[in-house]
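One-letter residues, chain by chain:
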Amino acid sequence: MDQLSPLIIDAIIDSMPVGVMVVGPQGRMLLTNATLETTLGLSRDQFQSKGWAELFIHENKNIEFNQIFLDVIRQELVNLTRSVPFERADGEVRRLIVTSSYLKHEGKTHGIVLLIMDVTDKHALNEREKELLLANSQIQSERGESLKNLALSVAHQIRNPIMNIGGFSNLMLKDQALEAGHRDRLATIIDQASRLENIVRGVTDYASLPLLQPQKVQALGLMEAACADLVSASKDLGKHVDIQDKVVDAEVIADPVLLKRALDEILRNALDFSNSDSVNVEATFNSRPDGFLILVTDRGPGMDPDHLPFAFDPFFTTKTRGVGMGLPIAKRIVMEHRGDITLANRPGGGLSARMFIRQGEDGCRLPGPA
Ligand SMILES: Nc1ncnc2c1ncn2[C@@H]1O[C@H](COP(=O)(O)OP(=O)(O)OP(=O)(O)O)[C@@H](O)[C@H]1O
Ligand SMILES: [Mg+2]
């Protein structure tokens, strides 16, 4: 290969869009280029007449920038990249990305090389974007909080009149002289008042779900507690539940109270919607590298395929006396754990509910520095 003349090499370095600085072992400037001079606000004469210490170590400023030289020299680092601020002599502060390398060849130190990129405009945009995102998420959470308070106070305001309607209607029903027609109408009023009371309870339940408090949880304990509660609920209903739990114990990060609540809603549905007095439920827990999976399957009637898209909508219910808030509550909890929940009819009958909770960097993790 032909050799490039030193003049051409100088011209190439001078025209590079990044600042180049080579500092010799004694702190003398061996090489600079035009971009570097513009970026740091120093002239070629200044670079040629002064050493590194004289140019940069003064007035106790640009400490982070100077630290790069010290770190590279002391630790003989190669390819160290840092983003640092740099205040020029005219007082303007630029944001630089500095990539630096210690130059050592055949045991001899030749100095250090720095490539300096001025990213001030991009940095300012990023900072602005971060500020906007933060402000936006604050607005969202304030809005969420005020909607929650509104829902709770509406529920509170509705509860008292409904209880009065139900209470007085019950009293009137006790009147022996009441005509049969009126009796029927009163029974309907009582029934509707009790439905409204349940709806209000559902809204209150949903709106007052506490904030997630992730911690280390043993999967086995969580699954066993939920299954034990299902067995006791089945006894109250006079049903028998047969649970097969396939749990590979693992320590996971989750809010144990809320996750159990979500699991309870799913297990409870398997019990509620089974047409038979003997209910078969399979609850599986599996840990995977990116998260964990909880699968609850039953052999009940499954869901009408036309209803499946609405299953997680608030107040969607096919129960005569249901509220339809179980699945919305479960979904909200799972989503707040950075997970997802899906339902599907099973071949051979029954429903399968699948909850997957991501773990780690983009998933549910212990609170702490981001
Ligand atoms: N395991 C299941 N088998 C059959 N249908 C189900 C099952 N789970 C949920 N569904 C259907 O999804 C609907 C919504 O369930 P969701 O838990 O939200 O409300 P609900 O059980 O009806 O009332 P609530 O949970 O508030 O007492 C149910 O009414 C039912 O139609
Ligand atoms: Mg339910």
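This text follows the structure it describes.
Scoring rules and cut-offs
Residues numbered from 1 in each chain as written. Chains lettered and ligands numbered in written order. Predicted model: local features only at pLDDT ≥ 70, side-chain atom pairs only at ≥ 80, totals over all residues. Heavy atoms only, no water. Phe/Tyr/Trp six-rings, centres within 6.5 Å; stacked < 30°, edge-to-face > 60°. Helix = DSSP H or I, 4+ residues; strand = E, 2+ residues; numbered from the N terminus. Buried < 20%, exposed > 50% of the residue type's maximum accessible area, 1.4 Å probe, protein only. Pairing = 2+ DSSP bridges. Axes fitted to C-alpha atoms, helices over the stretch in contact; angles between N-to-C directions. Contact = heavy atoms within 4.5 Å. Near = heavy atom within 4 Å. Polar contact = N/O pair within 3.5 Å; in protein donor to acceptor, adjacent residues only side chain to side chain. Areas by Shrake-Rupley, 256 points an atom, 1.4 Å probe, with all protein chains shown as cover.

Colleague: When you look at the packing of aromatic side chains in this model, what are you seeing that I'm missing?
Modeller: In total, this model carries eight aromatic pairs according to the counting rule given. Consider the rings of tryptophan 52 and phenylalanine 69, whose centres lie 4.6 Å apart with planes at 35°: the pair is tilted. You can see tryptophan 52 sitting in helix 4 (residues 52-56) and its partner phenylalanine 69 sitting in helix 5 (residues 63-75), a full 17 residues away along the chain. Given a relative accessible area of 12%, tryptophan 52 falls into the buried group.

Colleague: Can you walk me through the sheet that holds strand 10 (residues 291-298) in this structure?
Modeller: Either a parallel or an antiparallel arrangement is found when strands of a sheet pair, and the pairing is made through backbone hydrogen bonds. Pairing in this open sheet of five strands is mixed, and the strands run 7-9-10-12-11 from one edge to the other. The open sheet has two edge strands, strand 7 (240-247) and strand 11 (339-345), and neither has a second partner. Within this sheet the neighbouring strands show an average axis-to-axis angle of 15°, counted without direction. Packed onto the sheet, helix 8 (residues 219-236) meets strand 7, strand 9 (278-288) and strand 10 and runs at close to 175° relative to strand 7. Strand contacts of helix 10 (residues 326-336): strand 11 and strand 12 (351-358), with the helix running at about 140° to strand 11, the strand carrying the most contacts.

Colleague: What is the right way to read the site of ligand 1 from this model?
Modeller: Around ligand 1, a shell composed of 18 residues is seen, among which Asn269, Asp298, Thr317, Thr318 and Leu327 lie nearest. Between ligand 1 and the protein, one listed contact pairs an oxygen atom with a side-chain N or O atom of threonine 317 at 2.6 Å. The contact in question runs from an oxygen atom of ligand 1 to an N or O atom on the side chain of threonine 318, over 2.5 Å. With the chains in place, 91% of the 590 Å² that ligand 1 exposes on its own is no longer accessible. Of all the secondary-structure elements, those providing two or more residues to the shell around ligand 1 are helix 9 (256-272) and helix 10. For the shell around ligand 1, the element with the highest residue contribution is helix 10, accounting for three residues.

Colleague: Could you clarify how one ought to interpret the pairing of strand 5 (residues 108-118) in this entry?
Modeller: Taken residue by residue, a regular strand's side chains alternate between the two faces of the sheet. Looking at chain direction, strand 1 (residues 19-23) and strand 5 are connected through five bridges and run antiparallel. By the bridge assignment, valine 22 is partnered in strand 5 with valine 113. Note that strand 4 (residues 93-105) and strand 5 share 10 bridges and pair antiparallel. If you follow valine 98 over to strand 5, its bridge partner there is isoleucine 116.

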